[in-house]
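Working through the structure, step by step
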Amino acid sequence: MDGRLKGGRHAVEATPMRIPKNALGALICSLLAIALLPASGGAVTIGNNLSHAPDNSTCLAMATPVTCSASQDTLNAADQAAGGLVAPAGGVITRWRLRSAGATTFRAALKVLDGDHSIISESPQAVPTADGVHEFDTRLPIAAGNRIGVDIHNDSAGVMATVQVLYNTAAHDSLWDFWSPVLADDSTQAPANTIDDIGLLINADIEPDADADGYGDATQDLCSADATTHGACPGPKTIVPAVRPVISVLDIASGNKRIYVTTSGAAKLKLTFARKTAGRRSGGRCKSATSRGKRCSFYKLVGVKTADVAAGINSIPFAEKLSGKRLKPGSYRLTAVASTPDGGRSAARSISFRIR
Ligand SMILES: [Ca+2]
Ligand SMILES: [Ca+2]
């Protein structure tokens, strides 16, 4: 933000507020970032505004094929894109552009560089095919303060003499950094050359990435609030009520040897056996543990039997035994309830039977 900050810092120093210099710089950067990022959360464009036609070359004609990297170090304000020369805030580069002249094709890749000229990210190579402004989709992370650069590859000796991606700026304060061969990955290299009054014809669109999923929130991420997807946001979970099984038949037959149960679907069946027991009424209930009160009877739990059943008629062995023990003679009530793993539970169904 070098060139643009100089004027702002000078103007504020004249005010009586005496804001510390470091804090002032941070404040200006913050305000500048807020001003440059649209309220809608859309893209900002950094780099060159591409208003000039190319009139100069890089990777000059050599006896053998050459490669080079180039990045704009400073650029006069009139030639800058709306977002400035460096990233005002972090996000994702979703598109980049290069303006070239000359009929010869070449290969180019966008680089994101930090202040030490270390490579932060790099796009696949693209091939501009004709004169003019060429636009390429990409997806590159970029942090606040990073800048963009470009790799140029020519594939045969001398072709670059006819390709132009630079222009001679009319104003000063436009330094151009140059490396040849291309700036290597995982290295920090000072520029081989820094030349004044040269503009590099590239720019890039940065979109916010609020959920940090690596996809630009304006055009690449359909769900900017969810880092687990860049597709459509998942809808609210639909709760499907469990299907309640139905017991349509409960019977004991064949001399109490088998219990027959008909259910609407597969289920875990719980069979509860209770024996009719003599008691006395006490406190509104029939109990066995009192010698006073009116005579009454109630069903006392004697055991439980479970079985897995399938849809339809099920035959369950009984033979008047629970856990191998024969039940005492008397009157009984059998109650059946079916339940499913997803929480479905049938209504209880009961029958009475006798053991003699
Ligand atoms: Ca995102
Ligand atoms: Ca997302």
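Every value quoted in this text rests on a predicted model; they were computed, and no experiment measured them.

Some thoughts on the overall build of the chain
When its secondary structure is counted, the chain shows 2 helices and 22 strands. The buried share of the chain, reckoned over its 356 residues, is 42%. Intrachain contacts of the chain at a sequence separation of at least 6 include 70% that bridge at least 24 residues. Accessible surface, the chain: about 18700 Å² in total, of which carbon and sulfur atoms supply 55%.

A few points about the coordination of the calcium ion (ligand 1)
With distances of 2.3 to 2.6 Å, the protein atoms coordinating the calcium ion (ligand 1) are Asp209 (OD), Asp211 (OD), Asp213 (OD), Tyr215 (O), Asp217 (OD) and Asp221 (OD). Because the angles between the 6 donor atoms bound to the calcium ion (ligand 1) fall within 78 to 169°, the donor set is best described as octahedral. Positions of the donor residues of the calcium ion (ligand 1), expressed as sequence spacing, correspond to D-x1-D-x1-D-x1-Y-x1-D-x3-D. Residue classification places Asp209 among the buried residues on the basis of a relative accessible area of 17%.

A closer look at the packing of aromatic side chains
Overall, the coordinates contain 6 aromatic pairs when judged by the stated rule. Ring geometry for Phe273 against Phe318: centres 5.1 Å apart, planes inclined by 15°, an arrangement best described as stacked. A residue pair is termed long-range when its members are at least 10 positions apart, and Phe273 in strand β15 (residues 267–282) and Phe318 in the loop between β18 (312–317) and β19 (321–322) qualify at 45 residues. For the pair Phe273 and Phe318, a shared accessibility class is recorded, and that class is buried. Ring centres of Tyr332 and Phe353 lie 5.5 Å apart, and the angle between their planes is 15°; on these two criteria the pair is classed as stacked. Of this pair, Tyr332 sits in strand β21 (residues 330–339) while Phe353 is found in strand β22 (residues 349–355), placing the two residues 21 residues apart along the sequence. Each member of the aromatic cluster is reached from another via a ring pair, and the members are Phe273, Phe318, Tyr332 and Phe353. In this structure, Arg139 is placed above the aromatic ring of Tyr215, and the distance from its NZ or CZ to the ring centre is 3.8 Å.

Overview of the state of the cysteines
Simply put, disulfide is the name for a covalent bond between the sulfur atoms of two cysteines. All told, the structure shown has 2 disulfides when counted by the stated rule. Each sulfur of the disulfide joining Cys223 and Cys233 lies 2.0 Å from the other. As the torsion about the S-S bond is roughly 105°, the Cys223-Cys233 disulfide counts as right-handed. One end of the pair, Cys223, is in the loop between β12 (202–207) and β13 (247–253); the other, Cys233, is in the loop between β12 and β13, with 10 residues separating them in the sequence.

Looking at the sheet that holds strand β3 (residues 91–100)
On the basis of which strands lie adjacent, the open sheet formed by 4 strands has the order β1-β12-β3-β6 and antiparallel pairing. Here the strands that pair on one side only, and so sit at the sheet edges, are β1 (44–47) and β6 (132–142). Recorded for the sheet is a direction-independent mean angle of 25° between the axes of neighbouring strands. Where β3 meets β6, 9 bridges bridge the pair, whose relative direction is antiparallel. The residue of β6 that forms the bridge with Arg95 is Asp137.

Some words on the coordination of the calcium ion (ligand 2)
When four donors bind a metal tetrahedrally, each ideal donor-metal-donor angle is 109.5 degrees, and when six bind octahedrally, the ideal angles are 90 or 180 degrees. For the calcium ion (ligand 2), the full set of protein donor atoms is Asp211 (OD), Asp213 (OD), Asp221 (OD), Asp221 (OD), Cys223 (O), Asp226 (O) and Thr229 (O), and the range of their distances to it is 2.2 to 2.7 Å. A separation of 4.2 Å is found between the calcium ion (ligand 2) and the calcium ion (ligand 1), which are bridged by Asp211. Of this pair, Asp213 sits in the loop between β12 and β13 while Thr229 sits in the loop between β12 and β13, and the two are 16 residues apart along the sequence. The class for Asp213 is buried, based on a relative accessible area of 16%.

Definitions and limits used
- Within any chain, residue numbers begin from 1 and follow the written order of that chain's sequence.
- Both sets of labels track the order of writing: A upward for chains, 1 upward for ligands.
- With the structure being a predicted model, the display of local features is reserved for residues of pLDDT at least 70 and the display and counting of side-chain atom pairs for 80 or more, all residues being used for whole-chain, interface and lining totals.
- Hydrogens and waters are ignored; side-chain quantities use all the structure's heavy atoms.
- A run of DSSP states H or I qualifies as a helix once it reaches four residues; a run of E qualifies as a strand once it reaches two. Both are numbered from the N-terminal end.
- Each residue is assigned to one of three classes by its accessible area relative to the maximum for its type, calculated with a 1.4 Å probe on protein chains only: buried under 20%, partly exposed between the two thresholds, exposed over 50%.
- Two residues form a contact once any of their heavy atoms are found within 4.5 Å.
- For accessible areas, the Shrake-Rupley method is used with a probe of radius 1.4 Å. Any residue's cover is judged against the shown protein chains and nothing else.
- Note that water is not among the atoms considered, so a metal site may appear incomplete; the donors listed are N, O and S atoms within 2.8 Å of the metal, with 3.2 Å applied to Na, K and Ca.
- Between 85 and 135 degrees for all angles marks four donors as tetrahedral; over 155 degrees for opposite donors together with 65 to 115 for all other angles marks four donors as square planar and six as octahedral; every other arrangement is irregular.
- Each pair of aromatic rings taken from Phe, Tyr and Trp, with Trp reduced to its six-membered ring, is defined by centres within 6.5 Å and is described as stacked if the planes are under 30 degrees apart, edge-to-face if over 60, and tilted in the remaining cases.
- Distance and angle both matter: a charge sits over a ring if NZ of Lys or CZ of Arg is within 6 Å of the ring centre and within 35 degrees of the ring normal.
- The disulfide criterion used throughout: a pair of cysteine sulfur atoms within 2.5 Å.
- Two strands make a pair as long as DSSP finds a minimum of two bridges between them.
- To obtain each axis, a line is fitted to C-alpha atoms, and for helices this fit is confined to the stretch in contact; angles are then taken between N-to-C directions over 0 to 180 degrees.

These results come straight from atomic positions and should not be treated as a statement about function.
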